[in-house]
Amino acid sequence: MSNSIQVLNHAADNIRILAASMVEKAKSGHPGGAMGGADFINVLYSEFLQYDPEKPEWVGRDRFFLDPGHMAPMLYSQLALIGKFTLDELAQLRQWGSPTTGHPEFEVARGIENTSGPLGQGHVFAIGAAIAAKFLAAHTGNPTFSKETVYAYISDGGIEEEISQGGARIAGILGLDNLVMFYDSNDIQLSTETKEVMNEDTAAKYRALGWEVKTINGNDAAQIREAIQWAKDVQGKPALIIGKCIMGKGARKDDGSSYEANCKTHGAPLGGDAYRNTIKNLGGDPDAPFQIFDDVKEMYAKRAAELKDICAARYTEEAAWAAANPDKAVQQAEWFSGAAPKVDWSAVQQKANDATRSASAAVLSVLAEQVPNMICASADLSNSDKTDGFLKKTHAFTAGDFSGAFFQAGVAELTMACCCIGMALHGGVIPACGTFFVFSDYMKPAVRMAALMELPVKFIWTHDAFRVGEDGPTHEPVEQEAQIRLMEKLQNHSGKNSMLVLRPADAKETTAAWKLAMENTTTPSALILSRQNIADLPEGNDYSQAAKGAYIVAGSDANPDVVLVASGSEVSTLVAGAELLRKDGIKCSIVSVPSEGLFRTQPADYQAKVLPAGVKKFGLTAGLPVNLEGLVPRNEGKVWGLSSFGFSAPYKVLDEKLGFTAENVYNQVKSL
Ligand SMILES: Cc1ncc(C[n+]2csc(CCOP(=O)(O)OP(=O)(O)O)c2C)c(N)n1
Ligand SMILES: [Mg+2]
């Protein structure tokens, strides 16, 4: 296992040469950090990381999560040494259609466990993955998950990002001793030296949060090897290795002097003679830099052979577990297939005229019983966002005990979201997380990453409108629905809406919405739910039609004079308004639109049936009018929404003051 230090250094220089050359050829990218981190990643991959070269999706593999995505050239070069990228692909960094994208993009087959770029998120994905591994160890009994180590690589930027506080707190309190984090502490960042913006004692900070910490020379292979082994051996706590690395290690300027520890190498090619001098200094050929040295090839061939033996032993162990636990083995395979879980939806009992957050609790209570690989989280609001429907059927994770299925994230919405994303990246589990809708603002950067990576995380957002009332405008979402629905308009790289956003109109439509969310295995889903009670839609409503994104509610009139359109609790206000309009002989069709994005994927004739052209329309939304303007053309009617922040008052007063009443629906429609 132990390679000679000389060959390890040669391999790290090989990575430096490749990384600098990729950036030089692309005329764009980040060489400095990649060159400094090369020694760590090389020791990790050549001596520690356990994976199956033949079977990248092996569920028991160690996982490496990169936080600073700008160090992509380091990762790609390392992955080229283990055959996941060709040298030609390295030479195509940042070009159209090339797999060597500007920042790494999630692709297990290539050895990339996460998309990275927004600093801070990547290492918290690792923390989520470590939680998933602990959960799977406890819930399957498969010994392979207890042997799995999750490695995170973080840099100065990630340490400075606020999310690192949340991640460190969670990893500390949950005692994630399957997590090893390497901090590439090179004292340099994009535009300044790190000391100009940070003078914390990072080691003391992480120790205070419950980690074991060791500081080493991050460019010394022997120290790295010893530190990784130390970190793997730590029991009951996560481990942090602070590696003092040299930015641009080995870099030379055009005059041959040192170009190390220089901000300029962070995000630009070394350039011209500086580049040539650097490659020569590292023992490469500036005219043919895309090469793997023979001794490096040999070292990685030897590692591949070792991995064969390591995997064979692990597979034997897994097979023995599977033979002794055949049902569990079948179940584990299902969990990792990513298929939607089988749920008996008839088990969900909804109360009449309930708040949709409570209706969601009724669903979660059934899911907790029927979906044994679901993990539900809340950011300290479980009794308000009603994820306690799930919690009541299980218990929360604690250090050393992952037999429950609830993740108490504390007040840290972005951390919670990133942990859930990490769980989804790990695979085998179905994560969901809840908080107030107004605080989705704190989660948006993670939601975007979930959407980009096409991960089926479920976001539960309650207290969906100004009807939060007494808490005042800080707690009343107005523009949030418009913001999050933009993700329904944004396509992912598979050509689908990047997210499914559902705002159900009553308790039973909430069950239907949850069904859609659970069956959506290819993108994130969101449920936007009310705090207040909502009158049920008319008797006989066919809730299965929610699957079309918009549908005509039961009791609607044929050949209507006006089509009334809304989502969520506003639908019931339209139903009440329609009663008044009918007294004047006005025929009304009422359309519930839990998801405009989903509706826009329906056949044109269905869309035209629900929203017939030329018929007057009226939309009602507790959010910005733009929520419905795509459904209510200006020349056919109008949308009544909210165009300002909300106000502090009991919600029924707000309904009156802001015009969310049956009477105002009547008046507005009469004035069309
Ligand atoms: C959330 C976020 N903010 C800003 C950036 C832009 N950015 C990319 S790298 C970087 C500085 C990184 O410094 P460090 O993490 O120390 O990396 P090094 O310079 O050592 O390679 C910044 C600000 C980003 N990628 N993500
Ligand atoms: Mg740095």
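So, here's what we can say about the structure. (Residues numbered from 1 in each chain as written. Chains lettered and ligands numbered in written order. Predicted model: local features only at pLDDT ≥ 70, side-chain atom pairs only at ≥ 80, totals over all residues. Heavy atoms only, no water.)

1. Side note on the nonpolar core
- Grouped together as the largest cluster of nonpolar side chains are 99 residues, with contacts concentrated most on I131, L367, F407, F459 and W514.
- Setting aside residues up to four positions removed in sequence, F407 forms contacts with I131, I170, L174, I375, C376, A377, S378, F397, M416, C419 and M423.
- L18, V43, A231 and Y300 belong to the second-largest nonpolar core, a separate cluster that totals 66 residues. (Core = buried A, V, L, I, M, F, W, Y, C linked by side-chain atoms within 4.5 Å. Buried < 20%, exposed > 50% of the residue type's maximum accessible area, 1.4 Å probe, protein only. Contact = heavy atoms within 4.5 Å.)

2. Observations concerning the coordination of the magnesium ion (ligand 2)
- Here the magnesium ion (ligand 2) is held by the protein donor atoms D156 (OD), N186 (OD1) and I188 (O), which lie 2.1 Å from it.
- Counting along the primary sequence, the residues that act as donors to the magnesium ion (ligand 2) give the motif D-x29-N-x1-I. Of the two residues, D156 is situated in helix 7 (residues 156-160) and I188 in the loop between strand 3 (179-185) and helix 9 (202-208); the sequence distance between them amounts to 32 residues. I188 carries the same exposure label as D156, and that label is buried. (Donors = N, O, S within 2.8 Å, 3.2 Å for Na, K, Ca; no water. Helix = DSSP H or I, 4+ residues; strand = E, 2+ residues; numbered from the N terminus.)

3. Overview of the side chain of N219
- Along the chain, the position of N219 falls in the loop between strand 4 (212-217) and helix 10 (221-233).
- Note on N219: relative accessible area 11%, which makes it buried.
- For N219, the side chain forms a polar contact with the main-chain oxygen of G36, separated by 2.9 Å.
- A polar side-chain atom of N219 sits 2.8 Å from the main-chain amide nitrogen of I246. (Polar contact = N/O pair within 3.5 Å; in protein donor to acceptor, adjacent residues only side chain to side chain.)

4. Side note on the sheet that holds strand 7 (residues 406-408)
- Sheet architecture is open: six strands sit in the order 7-6-8-9-11-10, paired in parallel fashion. Each edge of the open sheet is held by one strand with a lone partner, namely strand 7 and strand 10 (500-502). The mean angle between the axes of side-by-side strands here comes to 20 degrees, regardless of whether they run parallel or antiparallel.
- Relative to strand 9 (residues 458-462), strand 8 (residues 430-436) runs parallel, the two sharing five bridges. Pairing of C433 across the sheet is with F459, part of strand 9. (Pairing = 2+ DSSP bridges. Axes fitted to C-alpha atoms, helices over the stretch in contact; angles between N-to-C directions.)

5. Here we look at the site of ligand 1
- If you check the shell around ligand 1, you find 16 residues, and the closest are H70, S155, G157, N186 and H266.
- N186 places a polar side-chain atom, nitrogen or oxygen, 2.6 Å from an oxygen atom of ligand 1.
- Summarising the interface, the protein chains cover 75% of the accessible area of ligand 1, which totals 590 Å² for the free molecule.
- Looking at the shell around ligand 1 residue by residue, the classes come out as six nonpolar, eight polar and two charged. (Near = heavy atom within 4 Å. Areas by Shrake-Rupley, 256 points an atom, 1.4 Å probe, with all protein chains shown as cover. Nonpolar A, V, L, I, M, F, W, Y, C, P; charged D, E, K, R; others polar.)

6. Structural notes on the packing of helix 1 (residues 5-26) against helix 11 (residues 272-281)
- The geometry of helix 1 relative to helix 11 is characterised by a closest axis approach of 10 Å and an angle of 160 degrees between their N-to-C directions. Comparing the axis directions of helix 1 and helix 11 gives the class roughly antiparallel. Seen along the crossing, helix 1 lies across helix 11 with a hand that is left-handed. Here I17, A20, S21 and E24 of helix 1 lie close against helix 11, whose contacting residues are G272, Y275 and I279. (Parallel < 35°, antiparallel > 145°, perpendicular 65-115°, else oblique. Left-handed = near helix turned anticlockwise from the far one by under 90°.)

7. Quick notes on the packing of aromatic side chains
- Under the defined criterion, the tally for this structure stands at 17 aromatic pairs.
- Relative to F64, the ring of Y45 lies with its centre 5.8 Å away and its plane at 75 degrees, an arrangement referred to as edge-to-face. Highlighted residues: Y45 in helix 2 (residues 32-48) and F64 in strand 1 (residues 63-66), separated in sequence by 19 residues. Each member of the pair, Y45 together with F64, is buried.
- The interplanar angle of 70 degrees and the centroid separation of 6.2 Å between the aromatic rings of F599 and Y606 together place this pair among those described as edge-to-face.
- Take Y606: its relative accessible area is 9%, and that puts it in the buried class.
- Aromatic rings pair up to connect F40, Y45, F64, Y153 and F182 into one cluster.
- A cation over an aromatic ring shows up here: R110 above the ring of F85, its NZ or CZ 4.6 Å from the ring centre. (Phe/Tyr/Trp six-rings, centres within 6.5 Å; stacked < 30°, edge-to-face > 60°. Lys NZ or Arg CZ within 6 Å of the ring centre and 35° of its normal.)

8. Some thoughts on the pairing of strand 6 (residues 374-378)
- The buried fraction of strand 6 amounts to five of the five residues, a majority that puts the element mostly inside the structure.
- Of the two faces of strand 6, the one lined by M374, C376 and S378 and the one lined by I375 and A377 are each fully buried.
- Where strand 6 meets strand 8, five bridges bridge the pair, whose relative direction is parallel. From the neighbouring strand, S378 faces strand 8, where its bridge partner is G434.

9. Comments concerning helix 19 (residues 507-519)
- Helix length check: helix 19, at 13 residues, gives a terminal C-alpha distance of 19 Å against a target of 18 Å (1.5 Å per residue), a fit within 8%.
- Burial within helix 19 is extensive, with 10 of its 13 residues counted as buried.
- Where helix 19 begins, the side chain of D506 points an oxygen toward the backbone nitrogen of K508, at a separation of 3.2 Å. (Expected span 1.5 Å × (residues − 1).)

10. Comments concerning the environment of A446
- Mapped onto the elements of the fold, A446 is located in helix 17 (residues 444-453).
- On the basis of relative accessibility, which here comes to 0%, the residue A446 falls in the buried class.
- For A446, the residues in contact, after removing those within four places along its chain, are Q121, L414, A417, C418 and I421.

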